[in-house]
Amino acid sequence: MAIKPGQEQRELQQSPSVESRCVQSRSQESGSQPSGSHHSIVLIRHGTTQWNVEKKYLGHTDIGLLPAAQEELASLREQCLHLTWDAVYCSDLLRCRQTLAQIAPLATEQAKFDPRLRENDFGQWEGMTYEQLKHNPLYRSWIDDPQEITPPQGEAWQTFTRRIDSFLHEHIWLEEQRNPQKPSYKTLVVTHGGVIRYMVSRLIQGIGFWDTHVIPGQAIQVQIEKQGHHWLGRRSDFPSIGL
């Protein structure tokens, strides 16, 4: 996904859902006693592609990693070497499949490849750069208001967020109901930059879409902990002791 100029300073506002309202800040719940149930979620952005280097918009176009991916992802592979996961999910696009195979080859057998984890579809703007599009009035409007403007033949913001919310609801929020006796759960998700930004904004209250910066091949870990009827979300170092 290409970064649109100026968007790092602008937070996109998401409409609240039942799940997002359940993620509270620790300060709001300071009087609550933790139940001991927690979920570690490691979000990994795929490695670098040629279009990332060329700063082209890359959404649903299915291209692979650069030949140097093995070297680029070597450190992450070392970090993941001795880790085990209760669940592994991966975007079905090639660049994410290749990333998973590089960093956690043993996890590929348990992985579920889910198209809901794809990057936003930029439609006719796929493969184009800011310099090529900057004089396009519709593109300028999209930069100013991406929630209301959709790229030609692309994916609307509401469609993009709806499918990710569906994934979070099914594989994160409902996990406790499926495994009520399991005090901790560890999930690996290999996906795309835009998806990670949106997930973090849903998992941690007060974090906006553009508040999270994630480069190709980077891992972000989010810990969510059950307190009463609420989940408390926070970022933590990856890898962490006890993961």
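Residues numbered from 1 in each chain as written. Predicted model: local features only at pLDDT ≥ 70, side-chain atom pairs only at ≥ 80, totals over all residues. Heavy atoms only, no water.

For the rest of this paragraph, the subject is the overall build of the protein. From N to C terminus, the protein includes ten helices and seven strands. Looking at the protein as a whole, 49% of its 243 residues qualify as buried. Carbon and sulfur atoms make up 49% of the accessible area of the protein, which amounts to about 11,500 Å² in all. (Helix = DSSP H or I, 4+ residues; strand = E, 2+ residues; numbered from the N terminus. Buried < 20%, exposed > 50% of the residue type's maximum accessible area, 1.4 Å probe, protein only. Areas by Shrake-Rupley, 256 points an atom, 1.4 Å probe, with all protein chains shown as cover.)

Moving on, we get to the environment of Lys 134. Mapped onto the secondary structure, Lys 134 falls in the loop between helix H6 (130-133) and helix H7 (137-144). Lys 134 sits in the partly exposed class, given a relative accessible area of 27%. At 2.7 Å, the side chain of Lys 134 forms a polar contact with the side chain of Glu 131. (Polar contact = N/O pair within 3.5 Å; in protein donor to acceptor, adjacent residues only side chain to side chain.)

Right, let's get into the state of the cysteines. Throughout the structure, instances matching the rule amount to zero disulfides. No disulfide involves Cys 96; its sulfur sits 5.2 Å from that of Cys 90, the nearest cysteine. Accessibility expressed as a relative area gives 0% for Cys 96, which makes it buried. (Disulfide = S-S within 2.5 Å.)

Turning next to the packing of aromatic side chains. Per the stated rule, a full pass over the model turns up 14 aromatic pairs. Centroid distance Phe 122 to Trp 142: 6.0 Å. Interplanar angle 75°. Geometry classified as edge-to-face. One end of the pair, Phe 122, is in the loop between strand S4 (111-113) and H6; the other, Trp 142, is in helix H7, with 20 residues separating them in the sequence. Given a relative accessible area of 3%, Trp 142 falls into the buried group. Taken together through their ring pairs, the aromatic side chains of Tyr 57, Phe 122, Trp 125, Tyr 130, Tyr 139 and Trp 142 make up a single cluster. Seen from the ring of Phe 113, Arg 97 lies directly overhead, with NZ or CZ sitting 4.0 Å from the centre. (Phe/Tyr/Trp six-rings, centres within 6.5 Å; stacked < 30°, edge-to-face > 60°. Lys NZ or Arg CZ within 6 Å of the ring centre and 35° of its normal.)

Remember, this is a structural readout, not a statement about activity or role.
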